[in-house]
Amino acid sequence: MRRVFKHIGRLVTLGEFGEGPARGPIPQLVTVADGFLVAEDGRIRRAGSMRDYEPGWEEGAAEVRSLPGLLVTPGLIDPHTHTVFAGWRADEFARRLQGVSYQEIMASGGGILRTVAATRAASEEELFELGMNRLDQMLRRGVTTVEIKSGYGLDLDTELRQLRVNRRLDRSHPVDVVSTYMGAHLVPPEYRASPEAYVDFVVGEVLPAVRAGGLAEFCDVFCDAGAFDLDQARRILRRAAELGMGAKLHADELEGSGGAELAAELGAISGDHLLRVSEAGVEALAAGVTVAVLLPGTSFFLRVAPAPARRLIDRAIPVALATDFNPGSCPLIDLRMAMTLGCVSLNLTPAEALVAVTLNAAHAVGQGAAIGSLREGKYADFVAWSCPDYTHLPYFLGSDLVEAVYKRGQAVFRRPQPCSSLRT
Ligand code: NIG
Ligand code: FE
């Protein structure tokens, strides 16, 4: 089945980048004025300039649509979220504004453990409904694929429930879900006296059950002061690798703890946060294959210094951006806002910010060959935006720019009332 999109105001395919993630500074992107895109059976068949358009493509097409005045980019990919949880923590935000730190709240039994209590008490159906609603909100903002971590159960039942919800969301919602097991988010209260026994439980019982159910493609560990140390993280992620799961790591978020070095050592698919990455950590990442997933919403919301993004980019480490959507450190659901924060607080260029939420984000979830750019053969997941160029995406702060979102070539969201006033 063919779908043809022509007279696209401006088309950004990111086709100029090769197979791997983009590395190094990107001053600007290649754009095509008056472009076209042909999708065949959900994949990109051709995309380019109307000068090279062949009218024959329209014969027998299921859809032929003109998109004048609109910007078309690859669908956005959010490679780090904690979307499936119950309960909010706005009261902790208010306390943090009074000067109490995230770590102090965590140490006093608040923080992640409060969300664990609320999530344990929620049924699978409730979590599913919450997840569907949140994916709707992401889709309306241009997201076509999202990674979701468990880690608000910490016991066997609730972790598996969260991961089953991920699987159901993936099947039920147009947004694709990449599922990550993160049982090592924090030591649960019932293991407080013996964290090592909790690691035994994760390695001996939960990981095999996750594997047996085919419930997660990745395993993540919060490797930081107050959570899990390097040896514990290494043990869990090695076991996950034996079971066929890729490694991710919450690394150097609160304190520099050597997380980046461990991510590089393990060949992790991504090392995330990296606010306190050391010089040795940067060098280790530069010598390895790991994508740095930066979360500027989190540093903004926690009011701490952001990750040294330019140092990473200058060392040719691929950089992706994500929201980190969660009820504590960053309740940000809008990935385009993470682009804005990426530019304003991490000093990314608008070109780097777009690559960071598309091509490099795809590599951060192991899907670089299938999504992230509009190259021939990849899935036709794309967004039509009511703005003239990609520089407007991080620029147009907090406005609503999405005109339509396409998954596998088919519209899965359209703005109820076209907004022509924003177009130029
Ligand atoms: O990525 N750092 C660990 N996990 C989340 C926060 C989770 C929470 O506060 O509920 C993060 O920042
Ligand atoms: Fe996180």
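So, here is what we can say about the structure in this document.

The rules behind each value
Residues numbered from 1 in each chain as written. Chains lettered and ligands numbered in written order. Predicted model: local features only at pLDDT ≥ 70, side-chain atom pairs only at ≥ 80, totals over all residues. Heavy atoms only, no water. Donors = N, O, S within 2.8 Å, 3.2 Å for Na, K, Ca; no water. Helix = DSSP H or I, 4+ residues; strand = E, 2+ residues; numbered from the N terminus. Buried < 20%, exposed > 50% of the residue type's maximum accessible area, 1.4 Å probe, protein only. Contact = heavy atoms within 4.5 Å. Polar contact = N/O pair within 3.5 Å; in protein donor to acceptor, adjacent residues only side chain to side chain. Axes fitted to C-alpha atoms, helices over the stretch in contact; angles between N-to-C directions. Parallel < 35°, antiparallel > 145°, perpendicular 65-115°, else oblique. Near = heavy atom within 4 Å. Areas by Shrake-Rupley, 256 points an atom, 1.4 Å probe, with all protein chains shown as cover. Pairing = 2+ DSSP bridges. Right-handed = clockwise from strand over helix to strand, strands pointing away. Salt bridge = Lys/Arg side-chain N within 4 Å of Asp/Glu carboxyl O.

Every protein donor of the iron ion (ligand 2) is accounted for by H80 (NE2), H82 (NE2), H250 (NE2) and D324 (OD), and the metal-donor separations fall at 2.1 to 2.2 Å. Binding-site remark: the iron ion (ligand 2) is held by donors from one chain whose sequence spacing is H-x1-H-x167-H-x73-D. Highlighted residues: H80 in the loop between β6 (76-78) and α1 (90-97) and H250 in strand β10 (residues 246-251), separated in sequence by 170 residues.

A separate point is the environment of R23. Here R23 is to be found in the loop between β1 (2-11) and β2 (32-40). Overall, the relative accessible area of 41% leaves R23 in the partly exposed class. Once the C-alpha coordinates of R23 and S172 are considered, the two residues, 149 residues apart in sequence, prove to be 35 Å apart. If near-sequence neighbours (up to four positions away) are discounted, R23 is found in contact with A316, I317 and P318. Within the structure, the side chain of R23 is placed 3.1 Å from the backbone oxygen of A316, a separation counted as a polar contact.

Below, the discussion takes up the packing of helix α6 (residues 195-212) against helix α7 (residues 230-242). With their axes 10 Å apart at the nearest point, α6 and α7 run at an angle of 10 degrees to one another. With respect to each other, α6 and α7 are oriented roughly parallel. Residues P195, E196, V199, D200, V202, V203, L207 and P208 of α6 pack against Q232, R235, I236, R239 and A240 of α7.

Surrounding ligand 1, one finds 15 residues, the nearest of these being Y102, Y152, H185, E253 and S329. Within the contact set of ligand 1, an oxygen atom lies 2.9 Å away from a side-chain nitrogen or oxygen of D324. Contact distances for ligand 1 include 2.6 Å between an oxygen atom and a side-chain N or O atom of S329. For ligand 1, whose free accessible area comes to 330 Å², the fraction covered by protein is 100%.

So, about the pairing of strand β11 (residues 270-273). Sheet topology note: the β10/β11 ladder contains 4 bridges and is parallel. Looking at β11, one finds that H250 is bridged to D272. After leaving β10, the chain enters helix α8 (residues 259-266) and then returns to the sheet as β11, a path that is right-handed. As defined by bridge partners, β11 adjoins strand β12 (residues 291-294) across 3 bridges and the pair is classed as parallel. Residue S270 lies in a different strand from β12, and its bridge partner there is V291. At this point the chain moves from β11, through helix α9 (residues 279-286), to the parallel β12, and the crossover so formed is right-handed.

Our next topic: the pattern of salt bridges. Inspection of the entire model under this criterion finds 32 salt bridges. Ionic pairing is found between E40 and R45, a salt bridge with its closest N-O pair at 2.7 Å. Residue classification places E40 among the partly exposed residues on the basis of a relative accessible area of 23%. Assessed through its relative accessible area of 37%, R45 is described here as partly exposed. For R408, the salt bridge identified is with D381, shortest N-O distance 3.0 Å. Taken as a pair, R408 in the loop between β15 (402-407) and β16 (410-414) and D381 in the loop between α14 (359-364) and β14 (382-385) lie far apart in primary sequence, 27 residues in all. Relative accessible area serves as the criterion here: at 29%, R408 is assigned to the partly exposed category. Here the salt bridges share partners, and the residues they tie into one network are R89, D91, E92 and R114.

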